[in-house]
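Residues per chain are reported as follows:
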Amino acid sequence: MPLIKQICLLLFFLLLTISCTDLSHDSSVQAKVDSEHTGMILVEATGASTTLGTSDTSAPSNAKPAMQVKLAYDFSLSKSEVTRSEYAALMEKNLSIASDSANLPQTNVTYYDAVLYANARSSKEGYDTAYTYTSATFDSEGSCTNLQGLVFDPSKEAYRLPTESEWMLAAGEGWNTSNAWTNANSEYHSHPVCTIGENDLGFCDMAGNAMEWVNDWLGNLLDTTVTNSVGAPDGGALGQRVVKGGSYKNDPSNITLYSRGDVYAVTSATKAEYVGFRLAFGSIPAPLWVSGTGASTSRVSIVASSSQVKSITGTYRAKLAFVNYETGNLAYIDFSNSTLAVTEIVDTLPVFHPDISPDGKRVAFCTKVEGVSGTSEVYVRDLNATGSNLVKLNVASAAIPRWRVVGGDTVIVYVTDAGNNKENAEWKQKSTWQVSFAGGKFGTPVKLFDGSYHGGISEDGSLAVTGARLLRANVNGKDTVWYNGEQACNVSLSNDSTKRILFLDFGSETGKTFVGKDYATHERLLFADSTGKLIQSIAAPINYTFDHSEWSNVKNVAVATVTNTNGAHSAIYFINTADSSLLKVAEGDELWHPSLWVNANNILLQTDLDLDSAGIYFLESSDLNVLTFRYKMELFWQYYDSVKTIIVGSSRPLRGINPLLFESSNFVLNMAQTPNNIYLSRYIIKNYIFNHCSKLKTIILSLDIDFWNKEESAEWNMFYQPLPGVVYDANHDFWQAGVPQGLSELTAKALEGSSEMRSSVTYNRGFDKVDGGGWAEPSVNGDSTWFDTAPTLFYNSLDCLNDIISVANDHNVQVIGVIFPQNPRYVTTGSFGRYGLRRSEADTLIGKIQELENRHPNFRLMDENKMGHHDYTDNMGYDDDHLNALGATQLTARLDSLLTTLE
């Protein structure tokens, strides 16, 4: 070989190696074998730093901007991914493991499974556990799908999942995707750990083999430098987790060190055959929780599930507002979301005594605390992440705002001073006022009483109460003192006709006599009737006392903070006063002044249907993607008797066909959902659509032939079989005898996602509108040659399509099968689309579908992909296999035209 050619080849391979190697990390990090923890390497990370994310503008939004993280501690990390044999031995799983697979990475595990493994190893070796929880839920395959009340304690010297920062620091030392198990060399299966080399610190398989769980929630990154980051405080509205590295399925060119996710949303309950994990060990000093608004050492943990909240309130539609005193911010939790998160409204205003408006959309608060005299201000703002539309009440002083509805008008009651009410003459100088609030504006204040009655006013206006030393009442315009003049505080009047008063005391004689034994200050919630007579008492949890007690806006439900033995307000409890039960909802460093709002209109109706099953098409343990099915079923039970055209299939029609753009006389509903395969589409068509859509004329069905390599029961067993609503429907013959009254309402009131997700799907009659994106360089997820080894799977899917068409013909319904456009640049690859099929085979297989047109007069094939030679331009694509709103407009117009022609 000529010398110049040898030099050129050498330079080429050098450049190739450099392109696959990350050079952004400081190679001064040292590591050594951890002699105390088997299979682990001790990383001497104190003083080291790493970078999360990237400044590359082409990177996904969740990976931008680049954020520097310094570490002020050392930690240990598993040399390899946890193997199948290690997992089975520790978890006592009855797994049949062949000798040649014992050292394969343990995959197909949820985040929760990995957490349980970490706890199990900690316990086995005599350490405390880093994770606590109240209960666990498992699916039929034994995978953990939910850990209620899960809390991670970084201060524990224990086994745990690594933080993203720790993983990045360890992986970045010698990152090289050319020396990893990827689709370039794996033959699309995992390999025994540590069989393809190590990185500079001695770790195996960080770039490939199995993608890996880390401990962090997937939160926003900040363009700054932080120390000892442990990720976001929660998973936000979607509850997504971070996964790192690539796998045997990924092309090495698509595996990046900064990547933080997978193709689809990854939640704690997600599992995949290519996702595994490795463990870390050690405590994290002074951890920082990082959110889009900044970094904080304070975190609020939600320790109750939406279902537990519903058991107290009667509905998922409930919101809790409170003050995070550590940050000084107003915070809230919306329990109607399937993924619970604490949202803080960051502001410099002092915040005390928040009260949620009757419609649940706004919150009022003041700037001075109860029991302290002085000038205070009252504000109202929207109860959203930004606290928008802030409005100030322009009076000299206003404190302790409370919403009321009087004669159909929404008003706020406030006092001029919330100080001590012990001295009558001084207290009389203060006063109680009422001001209307409508259209985002305050009206003209009106004086109600002399004296500051900030504990509330009854519905009929006949009773007002207050307590900041004395329990005072105004009964039909006359002032009086109750509770024998003994000390009382945190007084709250119920928002119903019972006019019960909730308050705390200081272990008074009156209270002790009623309870029948001694108790400490604030150790019991006391309840009095409308005459001031004690009628009930509820004890605080052991080792806690109550503070900041308040009624909710519905009967028999109250809320309170509790203080621990150090005096910190460390938790918030919901209280069911009908049975005296308590539910711990949130934990934190200093949680003050809770306000609980319950949508009374959504308290579950009385019905003969099973409230634990009917209409429940999503669970807290469900994969996040199943939310689309939950919303589609809500739409279906609302519109089934109006539908003329229905769209069924995968996420491609979900985003690619807009029902609102069809001719107005054609009522179109988009029932496409994810996860999906053609068998799931048939299940929905046969059992729901044909049983109930009496006006149906047309079914539009996605033909996703690139993933016609699925078994019939795979997605069904994993995602849909566990849903109570699906099982309940099947047990009642899918309501062929008639849809029962209340089913639609129950479905609408069931657990759901964020308000943004609801609006994006339900308001558009099932269409998930997405903007932007574009066709980019195509990627192939999986083995594009799958047809070579599993042609039967394709032909089984084809038989399923034939069955759908035949049954539709029996119902005099036409079927339009759509092959959706994908990235036109697949023509430069050997793959038909995102999930494979050789291009050389795809054209022939499409011909098999075309043959069905000749056999079935009610079937039309609409091939909008045309083997990649289509006219959907770059600005019409969202990603490799989905259209954006502009592309959906073009495709919908063509479908509408075709329907007109067929008619």
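For the structure, check the block above.
Description of the structure in this document. In this numbering scheme, every chain counts its residues from 1 along its sequence in written order. Selection of residues for local features in this predicted model requires a pLDDT of at least 70, selection of side-chain atom pairs for listing and counting requires 80 or more, and totals for whole chains, interfaces and linings are taken over all residues. In computing side-chain properties, one takes all heavy atoms of the structure into account and sets aside hydrogens as well as water.

Generally speaking, nonpolar side chains in soluble globular proteins are found buried as a group. Residues belong to one nonpolar core when they are buried, are Ala, Val, Leu, Ile, Met, Phe, Trp, Tyr or Cys, and are joined through side-chain atoms within 4.5 Å. Only protein chains enter the calculation, and the probe is 1.4 Å; a residue is then buried if its accessible area is under 20% of its type maximum, exposed if over 50%, and partly exposed in between. Of all hydrophobic cores here, the largest spans 72 residues; its most connected members are Phe 636, Ile 646, Ile 699, Trp 708 and Leu 801. The contacts of Ile 646, once residues within four sequence positions are left out, are Phe 636, Leu 669, Met 671, Ile 689, Leu 696, Thr 698, Ile 699 and Ile 700. Judged by nonpolar contacts, the second largest core, of 71 residues, contains Ala 158, Ala 171, Ile 255 and Val 266. Whether two residues are in contact is decided by their heavy atoms: any pair within 4.5 Å suffices.

Right, let's talk about helix 16 (residues 791-810) for a bit. Here a helix means four or more residues in a row that DSSP labels H or I, a strand means two or more in a row labelled E, and each is numbered from the N terminus. Residue count minus one, scaled by 1.5 Å, sets the expected span of a helix. The terminal C-alpha atoms of helix 16 lie 29 Å apart, and with 20 residues this matches the ideal 28 Å at 1.5 Å per residue to within 8%. Three or more residues of helix 16 are buried, namely Leu 793, Phe 794, Ser 797, Leu 798, Cys 800, Leu 801, Ile 804, Ile 805, Val 807 and Ala 808. Buried residues in helix 16 make contact with helix 10 (678-692), strand 44 (698-702), helix 15 (786-789), strand 45 (814-819), helix 17 (839-855) and strand 48 (859-863). Downstream of helix 16 by a residue or two, Asn 812 has a phi angle that is positive, lying close to 60 degrees.

Strand pairing follows a simple DSSP-based rule, namely that at least 2 bridges must link the two strands. Pairing in this open sheet of 5 strands is parallel, and the strands run 43-42-44-45-48 from one edge to the other. Looking at strand neighbours, the two that pair on one side only are strand 43 (668-670) and strand 48, the edges of this open sheet. Within this sheet the neighbouring strands show an average axis-to-axis angle of 15 degrees, counted without direction. Strand direction decides the pairing type here: strand 45 and strand 48, joined by 5 bridges, are parallel. If you follow Ile 819 over to strand 48, its bridge partner there is Asp 863. Axis definition: a line fitted to C-alpha atoms, limited for helices to the stretch in contact. Angles are taken between N-to-C directions and run from 0 to 180 degrees. Its contacts with the sheet place helix 17 against strand 45 and strand 48, and it is angled at close to 145 degrees to strand 48. Those strands touched by helix 18 (residues 885-902) are strand 42 (645-648), strand 44, strand 45 and strand 48, and its axis lies near 150 degrees from that of strand 45.

With that out of the way, let us pick up the state of the cysteines. Note that a disulfide, as used here, is simply two cysteine sulfur atoms within 2.5 Å. Scanning the entire structure with this criterion turns up 1 disulfide. We note that Cys 800 lacks a disulfide partner, and the nearest cysteine sulfur, in Cys 693, lies 18 Å from it. We classify Cys 800 as buried; its relative accessible area is 1%.

What follows covers the pattern of salt bridges. We count a salt bridge whenever a side-chain nitrogen from Lys or Arg sits within 4 Å of a carboxyl oxygen from Asp or Glu. Under the criterion given, the structure shown has 42 salt bridges. Here Arg 121 ties to Glu 125 by a salt bridge, and the two come within 2.8 Å at their closest N and O atoms. Between Arg 825 and Asp 874 there is a salt bridge, with its nearest N and O atoms 3.0 Å apart. Pair noted here: Arg 825 is in the loop between strand 45 and strand 46 (831-833) and Asp 874 is in the loop between strand 48 and strand 49 (877-879), with a separation of 49 residues, a long-range link. The partly exposed category is assigned to Arg 825, whose relative accessible area is 27%. Asp 874 sits in the partly exposed class, given a relative accessible area of 38%. Members of the salt-bridge network, linked through shared partners, are Arg 652, Asp 704, Asp 706, Arg 834, Asp 879 and Asp 881.

Note on aromatic contacts: the rings of Phe and Tyr and the six-membered ring of Trp form a pair at centre separations within 6.5 Å, being stacked when their planes are under 30 degrees apart, edge-to-face when over 60 apart, and tilted otherwise. Within this structure, the stated rule accounts for 41 aromatic pairs. Ring geometry for Phe 794 and Tyr 795: centres 5.5 Å apart, planes at 85 degrees, overall edge-to-face. Relative accessible area serves as the criterion here: at 33%, Tyr 795 is assigned to the partly exposed category. Ring pairs connect the aromatic residues Tyr 617, Phe 629, Phe 636, Trp 637, Tyr 640, Tyr 683, Tyr 688, Trp 716, Phe 719, Tyr 720 and Phe 734, which therefore count as one cluster. Two limits define a charge over a ring: the Lys NZ or Arg CZ must be within 6 Å of the ring centre, and within 35 degrees of the ring normal. One Lys or Arg, Arg 241, reaches over the ring of Trp 217 and ends 3.5 Å from the middle of that ring. The side chain of Arg 472 reaches across the aromatic face of Trp 427, ending 4.4 Å from its centre.

This paragraph deals with the environment of Ala 170. If you trace the backbone, Ala 170 turns up in helix 4 (residues 164-171). Under the relative-accessibility criterion, Ala 170 is labelled buried at 0%. Note: C-alpha distance between Ala 170 and Asn 199 (29 residues apart in sequence) is 8.7 Å. Not counting residues up to four positions away in its chain, the partners in contact with Ala 170 are Leu 77, Asn 199, Leu 201, Phe 203 and Met 206.

What follows concerns the packing of helix 2 (residues 84-91) against helix 3 (residues 111-124). Axis separation between helix 2 and helix 3 bottoms out at 10 Å; the angle between their running directions is 65 degrees. It follows from the interaxial angle that helix 2 and helix 3 lie roughly perpendicular. Remark: the crossing between helix 2 and helix 3 carries left-handed chirality. Contacts between helix 2 and helix 3 involve Glu 86, Tyr 87, Leu 90 and Met 91 on the former and, on the latter, Asp 113, Leu 116, Tyr 117, Ala 120, Arg 121 and Lys 124. Amino acid classes used here: Ala, Val, Leu, Ile, Met, Phe, Trp, Tyr, Cys and Pro are nonpolar; Asp, Glu, Lys and Arg are charged; the rest, including Gly, are polar. Class assignment for the residues of the contact of helix 2 with helix 3 results in 6 nonpolar, no polar and 4 charged. These descriptions rest on fixed angle ranges, namely under 35 degrees for roughly parallel, over 145 for roughly antiparallel, 65 to 115 for roughly perpendicular, and the rest for oblique. If you view the pair so one helix is near and one far, a crossing is left-handed when the near helix is turned anticlockwise from the far one by less than a right angle, and right-handed when it is turned clockwise.

End to end, helix 10 covers 20 Å across 15 residues, agreeing with the expected 21 Å (1.5 Å per residue, within 8%). Along helix 10, the sharpest kink reaches roughly 35 degrees, centred on Ile 685. In terms of residue burial, helix 10 counts as a mostly covered element, since 12 of its 15 residues are buried. Residues Ile 678, Tyr 679, Leu 680, Ser 681, Arg 682, Ile 684, Ile 685, Asn 687, Tyr 688, Ile 689, Phe 690 and His 692 constitute the buried set of helix 10. One axis fitted to the seven residues ending at a residue, another fitted to the seven starting there: the angle between these axes is the bend at that residue.

Most of strand 23 (residues 362-366) is tucked away, with 4 of its 5 residues classed as buried. What sits between the antiparallel neighbours strand 22 (residues 352-356) and strand 23 is a turn of 5 residues, in which Gly 360 has the positive phi angle 75 degrees. Judged from the 5 bridges that link them, strand 23 and strand 24 (residues 378-382) form a sheet pairing that is antiparallel. Residue pairing in the sheet places Phe 365 in a bridge with Tyr 379 of strand 24.

Overall, antiparallel pairing links the 4 strands, which are arranged 21-20-19-41 in an open sheet. The open sheet terminates on both sides in strands that have one partner only, identified here as strand 21 (342-345) and strand 41 (591-598). Neighbouring strand axes in the sheet, compared pairwise and without regard to direction, differ in orientation by 25 degrees on average. Note: strand 19 (residues 318-324) against strand 20 (residues 329-334), 6 bridges, orientation antiparallel. Of the residues in strand 20, the one forming a bridge with Lys 319 is Asp 334.

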